[in-house]
Each structure stands twice: as structure tokens, then as C-alpha cells.
Amino acid sequence: MKLNKVLSSVAVAAVLVAAVPAQAADVIIGVPNWPSVRVTAHVLKVVLEDNLGLEVELQNGTNPVVFEAMDSGAMHVHPEVWLPNQANLNNKFVNEKKTVRVNPNGVAGDQAMCVTKGTAERTGISELSDLTNPDMAKNFDTDGDGKGEIWIGAAGWASTNVEKIRAKSYGYSETMNLKEIDETLALAEVDNAVAQKKDIVFFCYTPHHMFALHDLVILKEPKYEEAKWNVIQPTDDPEWLEKSDAGVAWNTAYLHIHYAAELEESQPGAAAVLAKVKLDTNTVSAMTYALVVEKQDPEDFAKKWVSENGTLVDSWLN
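Residues numbered from 1 in each chain as written. Predicted model: local features only at pLDDT ≥ 70, side-chain atom pairs only at ≥ 80, totals over all residues. Heavy atoms only, no water.

A separate point is the pattern of salt bridges. Summed over all chains, the structure comprises 14 salt bridges. A salt bridge links Glu68 to Lys92; the shortest N-O distance between them is 3.6 Å. You can see Glu68 sitting in helix α3 (residues 63–72) and its partner Lys92 sitting in helix α4 (residues 87–96), a full 24 residues away along the chain. Residue classification places Glu68 among the partly exposed positions, given a relative accessible area of 40%. (Salt bridge = Lys/Arg side-chain N within 4 Å of Asp/Glu carboxyl O. Helix = DSSP H or I, 4+ residues; strand = E, 2+ residues; numbered from the N terminus. Buried < 20%, exposed > 50% of the residue type's maximum accessible area, 1.4 Å probe, protein only.)

Written out as C-alpha cells, the structure reads:
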């Protein structure tokens, strides 16, 4: 064979190889940016790989991105959907499009605003509405502008948008600057405030390791009333903040695994497992504590947790 024909054959072969996409993982799990969802994702990865022999990949993504990806087939699992926080996405993809399924076993979660015990003792704050008092708000002023600062969550969290609505509804959006920063940075500020005996107020939720680290006080609020909880997300209406009102406490939330309906055809074993996984609040809190506080490697921890909880994992597999 002449050299030019050899080169031509090699070139064609190279084009054909390049045209074939790389083998995708059997299951792709979306991972938003908070601790408990990360640890649950790693546990699911180990369970599916070790028991079903599947290749599982973890990919970062915000809640809307993961839902859109489950709808298109680019991702297959969201390990921790907070409801009612993500009710708009749940309604669109589960109830309307029916491209996403829900594991019915929800983990109970609470959401509120907290202060440290020292903050409560120094300032006398006990209710969330106390922040509408400019004199109280000044206790949380760290930059000297006359208004306090309050962490309401990370950018991209549905709860962060709800906290903007709540701040407007209670009225402390007028006396407090609403901070949106990554949770890691926010919790470092809590650590520093405790160490330096400074006053701080911030969004808090369970399941979470923060309650094991510090003595926290949940600020009192009027009890949740459905009639007084009118929450619209920005994905649903550009005037969401103006049209929303929520001047009462959060209702109990439930954290559910969601997975692409397509998995029932492509990976029925995985879909069956994902439909049966069941955890509780204390378990998830302890898991996040191991990763965030004890700094355990998430993959190593997940393998150890699965091996030590064989009876529970077997109940998901059978």
C-alpha cells in the first residue's frame, strides 16, 4: 500500500473514532451546593456501583439545571429536592411533563432564622420581627452603615428567594442588609462570631451539622398558615418579589430524591433502588457532620457508611 493511502486510511479511522461519543456513565447524579445533598449523592453512588455494577458520575449543578437535565436525559438524579422550596420545579417536571419521578420517603427538614445563644443573651432578641426595630438591627451592623447584616442563604437556593420575600413581609428588609454568600463562608462567619463573642443572625435549617457545633436559638415567629404563605419564584414571574408575601414561619419541609423517568427503561434496577431509599433527619445530619466538621473524604465516608448500614441498604435493594 502506498504511503498516501496509508495516511488516508489512518485519517479516516481517526475521524470515525472522534465521531463516536465517549461512553457516558450509566447514571449521572446532579449535586447542588449544600453539604447534605453532597453526602447523599456519594452514598447513592456507592450503593448503585457496588450493588448493581453501574458506572455512576457526580456533576455539579443548580436546582433548575439538574431538573432540566433530568428532563433531557443529561442527568438522572437529584439527591435532595426540598419541598415546598422547589415546588415550582416539582410541579413542572413531575406533575406536568411527567419526565421526573419522586421517591415518596421524605426526610423532614426545618427552616428558620437563628442567632447564637450569646447573641440572644447580649441583645435580648427572641423574635424575628425584632429585627424591624432599627435599634435592634444595629447590633448586627458590621460595616458601620447603620443597618444590620443577615445571611439569607446562597445564590441559587430557592429558600434564599423565599427569605427575601419574608424579609419584605416582616419589614426587616428596611433595617437589615440581606447577604447572599456561599454557605461555607457564612458558617465561617458564625464560627468567628462565636469565638469573638459577636452578635450574628443567619438562616438555619435541619438536617444540618451547625446545631451540633453551636448552641443556637431559633427566632420565634407566628405559626405557618397556608393562607398567609404566597410565594412565587423568579422563574415563574419577573415580579415575583412584589407579588409574594410570607410573614409567617416556614412549614415543615421534606427532602425527596428525584430521578429521571427514563431510568425506568434504561436502568430499571437503579430506578427501583432510587424509589426505595429512606433516610431520616438525624442520619443525614450525622453524615454531613462527618464531611464538614470531621473533614472526612466523601467517597471514603460513603463506602464506610454503606458497609456499616447493610441492613438499611438491603431494604432499598430488595
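Enumeration according to the criterion identifies 12 aromatic pairs in this entry. An angle of 85° between the planes, with centres 5.4 Å apart, marks the rings of Trp82 and Tyr205 as edge-to-face. Taken together, the positions of Trp82 in strand β3 (residues 77–83) and Tyr205 in strand β8 (residues 201–206) put the pair 123 residues apart, joining distant regions of the chain. Per residue, the accessibility class of Trp82 equals that of Tyr205, and both read buried. Measuring from centroid to centroid gives 5.2 Å for Trp229 and Trp250, while their planes differ by 55°, and the two rings are tilted. Of this pair, Trp229 sits in strand β10 (residues 229–230) while Trp250 sits in the loop between β11 (245–246) and β12 (253–260), and the two are 21 residues apart along the sequence. Since its relative accessible area comes to 8%, Trp250 is described here as buried. (Phe/Tyr/Trp six-rings, centres within 6.5 Å; stacked < 30°, edge-to-face > 60°.)

Here we come to unusual backbone geometry. Cis peptide bonds are those with omega within 30 degrees of zero, and the linkage from Leu83 to Pro84 qualifies with 20°. Here Pro84 shows up in the loop between β3 and α4. Omega for the bond connecting Thr206 with Pro207 falls within 30 degrees of zero, at 5°, which places this linkage in the cis form. Among the structural elements, Pro207 can be located in the loop between β8 and α9 (210–213). Residue Lys98 is not a glycine yet carries a positive backbone phi of 55°. With respect to the helices, strands and loops of the structure, Lys98 is situated in the loop between α4 and β4 (100–102).

All right, on to the pairing of strand β5 (residues 107–116) then. Within a regular strand, side chains alternate between the sheet's two faces. The buried fraction of β5 is high, at eight of 10 residues. Bridging between β5 and β12 involves three bridges; their strand directions are antiparallel. Looking at β12, one finds that Ala108 is bridged to Tyr254. With six bridges joining them, β5 and β8 adopt antiparallel strand pairing. In the strand pairing of β8, Val115 is matched with Val201. (Pairing = 2+ DSSP bridges.)

A few words now on the side chain of Gln111. Along the chain, Gln111 falls in strand β5. Separated by 2.7 Å, the side chains of Gln111 and Asn85 make a polar contact. Non-local contacts of Gln111, meaning those with residues more than four positions away in its chain, are made with Trp82, Asn85, Ser159, Phe203, Cys204, Tyr205, Trp250 and Ala253. (Polar contact = N/O pair within 3.5 Å; in protein donor to acceptor, adjacent residues only side chain to side chain. Contact = heavy atoms within 4.5 Å.)

In this section: the nonpolar core. Val27, Val77, Leu131, Tyr172, Phe202, Trp305 and Trp316 are the most contacted members of the largest nonpolar core, which totals 79 residues. Ranked by residues supplied to this core, first place goes to helix α2 (residues 35–52) with eight residues. Among residues more than four places away in sequence, those in contact with Phe202 are Ala112, Met113, Cys114, Val115, Thr116, Ile150, Trp151, Val190, Met210 and Leu216. Judged by nonpolar contacts, the second largest core, of 14 residues, contains Ile28, Val66, Met70 and Ala260. (Core = buried A, V, L, I, M, F, W, Y, C linked by side-chain atoms within 4.5 Å.)

By volume, the largest pocket is sized at about 320 Å³. Taken together, 19 residues make up the lining of the largest pocket; nearest its centre are Thr142, Glu189, Ala193, Asp199 and Ile200. Per-element accounting of the lining of the largest pocket gives the leading share, six residues, to helix α8 (residues 183–196). Partitioning the lining of the largest pocket into residue classes produces nine nonpolar, four polar and six charged. Its boundaries defined by the atoms lining it, the second largest pocket holds a volume of some 260 Å³. Listing elements by their share of the lining of the second largest pocket, those giving two or more residues are α2, α8 and α9. Here the lining of the second largest pocket takes six residues from α8, the largest share from any one element. (1 Å grid on protein atoms, 1.4 Å probe; cavity = no way out; pocket = protein on both sides within 12 Å on 5 of 7 lines; lining within 4 Å. Points joined across faces, edges and corners; volume = space filled by probe spheres on them. Nonpolar A, V, L, I, M, F, W, Y, C, P; charged D, E, K, R; others polar.)

These figures come from the coordinates and say nothing about function on their own.
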